[in-house]
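Here's the letter readout for the chains.
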Amino acid sequence: MLKLFASTAYGSHHLTPAIRSNPVNSLLFKSLTQLTGWNRSTYELGLRAFSSESDSDTKSSAAIVSTKPCLDDCLTVIALPLPHKPLIPGFYMPIYVKDPEVLAALQESRRQQSPYAGAFLLKDDASSDSSSSSETENILEKLKGKELLNRIHEVGTLAQISSIKGEQVILIGHRRLRITEMVTEDPLTVKVDHLKEKPYDKDDDVIKATYFEVMSTLRDVLSTTSLWRDQVRTYTKHIGDFNYQKLADFGAGISGANKHQNQGVLEELDVHKRLELTLELVKKEVEINKIQESIAKTVEEKFRGERHRILLKEQLKAIKTELGVETDAKSALSEKFRGRIDPIKDKIPEHVLKVIEEELKKMQLLEASSSEYYVTSNYLDWLTVLPWGNSSDENFDVSRAEKILDEDHYGLSDVKERILEFIAVGRLRGTSQGKIICLSGPPGVGKTSIGRSIARALDRKFFRFSVGGLSDVAEIKGHRRTYIGAMPGKMVQCLKSVGTENPLVLIDEIDKLGVRCHNGDPASAMLELLDPEQNANFLDHYLDVTIDLSKVLFVCTANVIDTIPGPLLDRMEVISLAGYITEEKVQIARDYLEKTAQRDCGINPEQVDVSDAALLFLIEKYCREAGVRNLQKHIEKIFRKIALKLVRKGASLEVPENSDDVTDAEDSKSLAKTDLESPETSAEGPTVLTDELATGDSTERKTEQSLVVAETVEKFMIDESNLADYVGKPVFHAEKIYEQTPVGVVMGLAWTSMGGSTLYIETTSVEEGEGKGGLHITGRLGVVMKESAEIAHTVARRIMLEKEAENQFFAKSKLHLHVPAGATPKDGPSAGSTMITSLLSLAMKKPVRKDLAMTGEVTLTGRILAVGGVKEKTIAAKRSGVKVIIFPEANRRDYDELAENVKERLDVHFVDEYDQIFELAFGYDH
């Protein structure tokens, strides 16, 4: 078989030459051997191998053209259409013949020692331009006879049928042909003329110059393209003399020209023009090679440094791993994240798991030194550390919860009852979700500690964060993950901290949320966090995946609920903690505050005795607020001063460190014994002291000093007489400053953020005379109280006209109404009845009952309106020794809900009209 020895740039043509004489003398061969490395001995060896191989192949496949028939005798051939490129003489081409009749005819030609056919390029049409190779083959199967004849070019190539294997037919090009007429239609057989080159002058300078330019250009191409160099090696091994026409065919055959350009070379019979066409093709190849080389060089330079750096890093990593110096940080981090999520993969929501997997893949592609790598690893750390599906078991034991609440807090029975109801409902439902509790009350009443007790009663983890003054929405919703240092919001940090999905979260000071600003509206952001209808799909800006907060139990605290935005307050259930009465404060001080202060100061219980009178005096004169925080501070102050006295007492018993005199030691021992055995000292004191002083070691002396302080049990008695020595002079005086209330003075009840309080309203006459009637107001009153004073003046004049028509006091008197403690701002709709009573008392020159206090706003018609803070005002009245209280009828239900110990020894009246107050205050009938 003839060796298939070359392929074109498109992989469809190979070079097959005819054997020539004296091939070594070829000019192109001589010029190209320098590039290919072939010499004469190599050539002759290859020629002999080729000849022997060709002989053996001829016997087996009859692929070599035999001497019978001659090529000139092939005037009638089977026409084979070529869909993609023409067959250049000297090259081979494999084609696929699907038609069985054509295939049989080709096989018959080989058997008849006439293995030749005509190869003609298929012409283009509208369909073939956009058709794929498979579609083109389908078209070829349909073309027959004249239709096929019209679709192929007239000029083609006489092709030797080298082999037939199945449908594959290998053709080797020999000569140019032109179709003259059709002989048969199926298979298409045509008569042809053998085309010969036009005569040319080999010595013509123009032809020679073109020839050498083609050869020089081919040399340039061969110097850069190894594929063509291999083809030339094969060609120069087997081809004979490289004449002008052969060089033109060779250049066109190995170029990457399209089928129309190759067909033009095939049809050109003028050798000079053919050389020019080939020169144009190979020149184009040179330019393409230069562009490719430039692009390759640019890309190589661009990535060479990066590739080298990556290679060095990988080598360093491999060396460190082999030596065991350190593991790959990126792989270790990925393994850590995998280790977190693998055990709980079935509990992680699918959308979250998808994000985690994507981020893990992304992290493997990032450089560890890049900022994006830090952002991604930090993001993965948060995503994987959250307690997906991990909930603590809740305890709905009401008896246990009641015991815990009683242990932690004294009193507050109504609050405890409401919390126990909440826990009982949770037990019946199996869950305690769906409610947001807001504990409202003055400072120091135990709002935060109640939230902690609820968490302990339910066996939930506890987390507290304060939102007082919070103005940045990112603290609640998290920062956008667009910069280094971004963090998730407080709730995500809470879940990471507690490690469960169902903690109790105490949101402290919710009434002090910051106002809307350029950082957003925090009150609106809290809605999504607290609303049970929304927080099941809470979206943190940093995580950017929804998380379920419906299992979290939220407890909020506030001093006042008036400043809580309406939509936020609407989602809460408010539980009010009004404060403690004096008896409750005494009990709290005994059961909780004293014990805590003793423990914190390192004092034994038997060393201090605080009398009940001292506690009562401390509460009444120093700590009158609604809560017990200030009381706690004063008790701690007492115990700190006692601790200082104990330490000074122990210092006076120390043995001088540099004393070696036995007599001095004995004197010190006697002093200690006498001091410790005094009536106020325990008998256990001197035992250790005597033993320790018997040694002279300095280390033992230091131990002795601490033991003296610890075991010197001196009893400190704290009573009303010496209380001022520990906490200073009293801060408050009795609010009820009058034994007999003067004319024009009436006690009112007020509510503040610190609890309830009593205040006097005073009225006096400035001057009298015709037309002098008027009212002047002082006491730093707000707008509401100023309007109440004007209304009170009007209503008092009307009542005076009804009761004592002849009394012209208001018409002739200029009055001054004052509310004491003028430095304190006051405002609120509850002082109207007190102001009217004060004005009437002055007008009638009759004082009100001395143990009377009242509250309530009055309309112009004398109607009494409801007020707030009933419990706080009741506690304040009782603290001031008031026995008779007047409340609006609308507040009867609020008063009925108070604990019995608060209502004890009080005479409370509920009124609808001011006439009822008039009767109670002055004892008049209608």
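The structure displayed is predicted, hence computed values, not measured ones. (Residues numbered from 1 in each chain as written. Predicted model: local features only at pLDDT ≥ 70, side-chain atom pairs only at ≥ 80, totals over all residues. Heavy atoms only, no water.)

Draft legend 1. Main features of the overall build of the chain. From N to C terminus, the chain includes 35 helices and 25 strands. The proportion of buried residues among the 926 residues of the chain is 46%. For the chain, restricting intrachain contacts to residue pairs at least 6 apart in sequence, the fraction spanning at least 24 positions comes to 76%. Of the roughly 45200 Å² that the chain leaves accessible, carbon and sulfur atoms contribute 51%. (Helix = DSSP H or I, 4+ residues; strand = E, 2+ residues; numbered from the N terminus. Buried < 20%, exposed > 50% of the residue type's maximum accessible area, 1.4 Å probe, protein only. Contact = heavy atoms within 4.5 Å. Areas by Shrake-Rupley, 256 points an atom, 1.4 Å probe, with all protein chains shown as cover.)

Draft legend 2. The arrangement of the pattern of salt bridges in detail. On inspection of all chains with the given rule, the structure shows 36 salt bridges. Residue aspartate 406 is joined to lysine 416 by a salt bridge in which the shortest nitrogen-to-oxygen separation is 2.9 Å. Taken together, the residues span a long stretch of sequence, with aspartate 406 in helix 15 (residues 398-408) and lysine 416 in helix 16 (residues 413-429) at a distance of 10 residues. Exposure remark for aspartate 406: the relative accessible area of 40% places this residue in the partly exposed category. Of the charged contacts, one joins arginine 863 and glutamate 913 as a salt bridge, the two residues approaching to 3.1 Å between their closest N and O atoms. (Salt bridge = Lys/Arg side-chain N within 4 Å of Asp/Glu carboxyl O.)

Draft legend 3. Here's a closer look at the side chain of lysine 871. Its place among the elements puts lysine 871 in helix 32 (residues 870-879). Classification of lysine 871 as buried rests on a relative accessible area of 16%.

Draft legend 4. Representation of a nonpolar patch on the surface in the model. Taken together, the side chains of Ile291, Ile295, Val299 and Phe303 present a nonpolar region at the surface, about 370 Å² in accessible area. Mapping isoleucine 291 onto the fold places it in helix 11 (residues 271-323). (Patch = residues over 30% accessible without salt bridge, like charges linked within 9 Å, V, L, I, M, F, W, Y side chains within 5 Å.)

Draft legend 5. The arrangement of the environment of valine 282 in detail. The topology assignment puts valine 282 in helix 11. With 61 residues separating them along the chain, valine 282 and valine 221 place their C-alpha atoms 7.9 Å apart. Apart from the residues within four sequence positions on either side, valine 282 is in contact with Thr217, Leu218, Val221 and Gly251.

Draft legend 6. Geometry of unusual backbone geometry. Backbone torsion omega between aspartate 186 and proline 187 reads -5 degrees, so that peptide bond is classified as cis. One can find proline 187 in the loop between strand 6 (168-184) and strand 7 (189-195). Of note in the backbone geometry, aspartate 459 takes a positive phi value of approximately 60 degrees without being a glycine. Looking at the element boundaries, aspartate 459 is found in the loop between helix 17 (447-458) and strand 9 (462-466). Positive phi values are uncommon outside glycine, yet aspartate 544 reaches one of about 60 degrees. By the element assignment, aspartate 544 lies in the loop between strand 11 (538-539) and strand 12 (546-547).

Draft legend 7. Region of the structure containing the nonpolar core. Ranked by size, the top nonpolar core spans 55 residues in total, and within it Ile507, Ile510, Leu529, Leu530 and Leu543 carry the most contacts. Apart from the residues lying within four places of it in its own chain, the contact partners of leucine 530 are Ile436, Ile507, Ile510, Asn535, Phe554, Cys556, Leu568 and Met572. Membership of the second largest hydrophobic core comes to 52 residues, among which are Leu553, Cys623, Ile635 and Ala643. (Core = buried A, V, L, I, M, F, W, Y, C linked by side-chain atoms within 4.5 Å.)

Draft legend 8. Structural context of the environment of leucine 420. With respect to the helices and strands, the residue leucine 420 is situated in helix 16. Accessibility expressed as a relative area gives 10% for leucine 420, which makes it buried. Taking the C-alpha atoms as reference, leucine 420 lies 8.9 Å from serine 399; in sequence the two are 21 residues apart. Not counting the four nearest positions on each side in its chain, leucine 420 is found in contact with Val398, Ala401, Glu402 and Leu405.

Draft legend 9. Molecular detail of a positive patch on the surface. A cluster of basic residues, Lys637, Arg640, Lys641, Lys645 and Arg648, forms a positive patch at the surface. For lysine 645, the location among the structural elements is in helix 24 (residues 629-652). (Lys, Arg positive; Asp, Glu negative; His and termini not counted. Charge placed at Lys NZ, Arg CZ, Asp CG, Glu CD.)

Draft legend 10. Examining the packing of aromatic side chains more closely. According to the stated counting rule, one finds 9 aromatic pairs in the structure shown. Between tyrosine 211 and phenylalanine 212 the ring centres are 5.4 Å apart and the planes differ by 75 degrees, which places this aromatic pair in the edge-to-face class. Under the relative-accessibility criterion, phenylalanine 212 is labelled partly exposed at 41%. Members of the aromatic cluster, each reached through a chain of ring pairs, are Phe887, Tyr895 and Phe910. The residue whose ring lies beneath lysine 496 is tryptophan 382, and the NZ or CZ to ring-centre distance is 4.3 Å. (Phe/Tyr/Trp six-rings, centres within 6.5 Å; stacked < 30°, edge-to-face > 60°. Lys NZ or Arg CZ within 6 Å of the ring centre and 35° of its normal.)

Draft legend 11. The arrangement of the packing of helix 31 (residues 832-844) against helix 35 (residues 914-922) in detail. Look at helix 31 against helix 35: their axes get within 11 Å of each other, and the N-to-C directions meet at 50 degrees. One finds that helix 31 runs oblique with respect to helix 35. Regarding helix 31 and helix 35, the two cross each other, and that crossing is right-handed. Each of Ser833, Ile836, Thr837, Leu840, Ser841 and Met844 in helix 31 lies in contact with helix 35, whose residues at this interface are Tyr914, Ile917, Phe918, Ala921 and Phe922. Of the residues contributing to the contact of helix 31 with helix 35, the split by class is 8 nonpolar, 3 polar and no charged. (Axes fitted to C-alpha atoms, helices over the stretch in contact; angles between N-to-C directions. Parallel < 35°, antiparallel > 145°, perpendicular 65-115°, else oblique. Left-handed = near helix turned anticlockwise from the far one by under 90°. Nonpolar A, V, L, I, M, F, W, Y, C, P; charged D, E, K, R; others polar.)

Draft legend 12. Structural context of the side chain of threonine 278. Mapped onto the fold, threonine 278 is located in helix 11. The class for threonine 278 is buried, based on a relative accessible area of 0%. Not counting residues up to four positions away in its chain, the partners in contact with threonine 278 are Val214, Leu247, Ala248, Gly251, Ala252 and Val265.

Draft legend 13. Seen up close, the sheet that holds strand 9. Here 5 strands make up an open sheet; going across it, the order is 9-10-13-8-14 and the pairing parallel. Across the chains shown, the open sheet's two edge strands, defined by having one partner strand only, are strand 9 and strand 14 (573-576). Direction aside, the axes of adjacent strands within the sheet are offset by 20 degrees on average. Along the sheet, helix 16 makes contact with strand 8 (436-440), strand 13 (553-558) and strand 14, crossing strand 14 at roughly 150 degrees. (Pairing = 2+ DSSP bridges.)

Draft legend 14. Broad picture of the packing of helix 14 (residues 371-385) against helix 19 (residues 490-498). Across the interface, helix 14 lies against helix 19 with an axial gap of 9 Å and an inter-helix angle of 60 degrees. In terms of their interaxial angle, helix 14 and helix 19 are classed as oblique. Taken together, the residues of helix 19 that come into contact with helix 14 (itself represented by Asp381, Trp382 and Val385) are Val492, Gln493 and Lys496. Its residues placed into classes, the contact of helix 14 with helix 19 shows 3 nonpolar, 1 polar and 2 charged.

Draft legend 15. A look at the pairing of strand 5 (residues 155-165). Here strand 5 lies mainly inside the structure; 10 of its 11 residues are buried. Pairing between strand 5 and strand 6: 10 bridges, direction antiparallel. Each bridged residue has a counterpart across the sheet, and for glutamine 160 the counterpart in strand 6 is isoleucine 172. Linking strand 5 to strand 6, which pair antiparallel, is a turn of 2 residues; within it glycine 166 sits at a positive phi near 70 degrees.

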